[in-house]
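Inside the fold
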Amino acid sequence: MPRRTIDITLPDLTGRRALVTGASDGIGLRIASRLAAAGAEVVLPVRNPVKGEAAVGRILTQTPDAVVSLRRLDLSSLASIGALAAELGDEGRPIHLLVNNAGLMTPPSRQTTADGFEVQFGTNHLGHVALVAGILPLLRAGRARVVSQISVAANQGSINWDDLAWERSYNGMRAYSSSKIAFGLFAVELGRRSEAGGWGITSVLSHPGVAPTSLLAARPEVGRAGDTPQVRLIRWLSARGLLVGTPETAALPALLAATAPDAVSGTLYGPGGPAHLGGAPAPQPLYSRLRSPEEARRVWDESLRLIGASLPA
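So, how was this worked out
- Residues numbered from 1 in each chain as written.
- Predicted model: local features only at pLDDT ≥ 70, side-chain atom pairs only at ≥ 80, totals over all residues.
- Heavy atoms only, no water.
- Helix = DSSP H or I, 4+ residues; strand = E, 2+ residues; numbered from the N terminus.
- Contact = heavy atoms within 4.5 Å.
- Areas by Shrake-Rupley, 256 points an atom, 1.4 Å probe, with all protein chains shown as cover.
- Pairing = 2+ DSSP bridges.
- Axes fitted to C-alpha atoms, helices over the stretch in contact; angles between N-to-C directions.
- Salt bridge = Lys/Arg side-chain N within 4 Å of Asp/Glu carboxyl O.
- Buried < 20%, exposed > 50% of the residue type's maximum accessible area, 1.4 Å probe, protein only.
- Parallel < 35°, antiparallel > 145°, perpendicular 65-115°, else oblique.
- Left-handed = near helix turned anticlockwise from the far one by under 90°.
- Core = buried A, V, L, I, M, F, W, Y, C linked by side-chain atoms within 4.5 Å.

**A closer look at the overall build of the protein**
Looking only at helices and strands, one finds 10 helices and 8 strands in the protein. Principal-axis analysis of the C-alpha atoms gives the protein an extent of 55 × 50 × 40 Å. Pairs at least 24 residues apart make up 73% of the contacts formed inside the protein by residues separated by at least 6 positions. Here the protein has roughly 13100 Å² of accessible surface; of this, 53% comes from carbon and sulfur atoms.

In structure tokens, the structure reads:
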């Protein structure tokens, strides 16, 4: 049975400047491509310039008049994040849309970032926290929409407060869930502080459901030489239109979060199908692990302490 086509229509984004992390491939590239096609100027901060150039080429093939540019960024390095923030600050141009999409999932053994953080917590969460902190004046100037991409994994597990570095008993999936819960709580607190301080930033969350993307595929750079059994099963289900989504539909919740005219801070967008694994994007209840104001404040304060940054109260 053929899969039903699922898509959304984006508004005209002409005059808007968008920054999308993790846009050199996968879901991020699809998000960036659609934003560019809708008229946004899209900035792609990438770790691998070869992949970045290829991504720009794909966007321009689809939309020849797109305005798209590359910047260097390694989210696992605070120095790299600081350099990008300084570069964008020197340009002095407001950012109207930030999609915090980049991430990595379940390295088989514990790894650390350049700054000594467990690599998933340091990249998925702290790297994006540092980016938001570094470009906050540009986000405020653009009255930005900030979209934080979490995961269905944020609906399970907990933050490993007793061992944020996972030095004692590393578990890849639990560490991944912990990083995504922390990032979701930071996004919720960003929205609360923006409203209280009059920053003009709308902070929303999205998750892609489950789809055959590169997160669980072979990733030699994180120590995974071959595809996991999980991604092989996901590919099989996706090809048959069963339960899960596709890479194209997995990009839609973030796109809806980025462009929905009625979005308010703290809203979570995800696939609307069974168990929110696939289907058309829609707002959905915020995960229970992201609802505690006390936990959100704790994540905010501890994250800024770890990266050595300060933001308005």
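Past the structure itself, the notes keep going.
**Things to note about the side chain of H96**
With respect to the helices, strands and loops of the structure, H96 is situated in the loop between helix 3 (78–91) and strand 4 (97–100). Other than its neighbours up to four places away in sequence, H96 contacts G15, R16, R17, G142, A144 and R145.

**Brief notes about the sheet that holds strand 5 (residues 145–149)**
With mixed pairing, 8 strands are arranged side by side in an open sheet as 3-2-1-4-5-6-7-8. Looking at strand neighbours, the two that pair on one side only are strand 3 (67–72) and strand 8 (281–284), the edges of this open sheet. Adjacent strand axes in the sheet meet at a mean angle of 25° when their direction is disregarded. Where strand 1 (residues 17–20) lies against strand 2 (residues 41–46), 3 bridges are found, and the strand directions are parallel.

**Structural notes on the pattern of salt bridges**
A full pass over the atoms with the stated rule returns 14 salt bridges. The shortest N-O distance in the salt bridge between R71 and E87 comes to 3.4 Å. With a gap of 16 residues between them, R71 in strand 3 and E87 in helix 3 connect regions that are remote in the sequence. Look at E87 and you get partly exposed, because its relative accessible area is 35%. The closest approach of N and O atoms between E295 and R298, which form a salt bridge, is 3.9 Å. Here E295 pairs with R298, and both are found in helix 10 (residues 293–307), just 3 residues apart, close to one helical turn. Through salt bridges with shared partners, one network takes in R17, E41, R71, E87, E91 and R93.

**With respect to the environment of S109**
Within the fold, S109 resides in the loop between strand 4 and helix 4 (119–134). Look at S109 and you get partly exposed, because its relative accessible area is 42%. In the structure, S109 is positioned 63 residues away from G172 in sequence and 7.2 Å away in space, judged by C-alpha atoms.

**Comments concerning helix 9 (residues 252–259)**
Of all the 8 residues making up helix 9, 8 are buried; the element is thus mostly covered by neighbouring parts of the structure. Within the span of helix 9, buried status applies to L252, P253, A254, L255, L256, A257, A258 and T259.

**Examining the packing of helix 4 against helix 6 (residues 172–197)**
Between helix 4 and helix 6, whose axes approach to 7 Å, the crossing angle comes to 20°. In this view, helix 4 runs roughly parallel relative to helix 6, as classed from their interaxial angle. Our pair here, helix 4 against helix 6, has a crossing hand that is right-handed. Contacts between helix 4 and helix 6 involve Q120, F121, N124, H125, H128, V129 and V132 from the former and G172, A175, Y176, S179, K180, A182, F183, F186 and L190 from the latter.

**Looking at the nonpolar core**
Among soluble globular proteins, nonpolar side chains are generally buried collectively. Judged by nonpolar contacts, the single largest core of 49 residues is most densely connected at L19, L98, I135, L139, I150 and L290. Elements with a contribution of two residues or more to this core: helix 3, helix 4, helix 5 (136–141), helix 6 and helix 10. Once residues within four sequence positions are removed from consideration, L19 is found in contact with V43, P45, L88, I95, L97, L98, V99, L131 and I135. Within the second largest apolar cluster, 39 residues are counted, among which are L97, A254, L256 and Y269.

**Structural notes on unusual backbone geometry**
The phi angle at T106 is positive, at roughly 45°, despite the residue not being glycine. As for its position among the elements, T106 is in the loop between strand 4 and helix 4. Of the residues examined, T106 reaches a relative accessible area of 15% and is grouped as buried.

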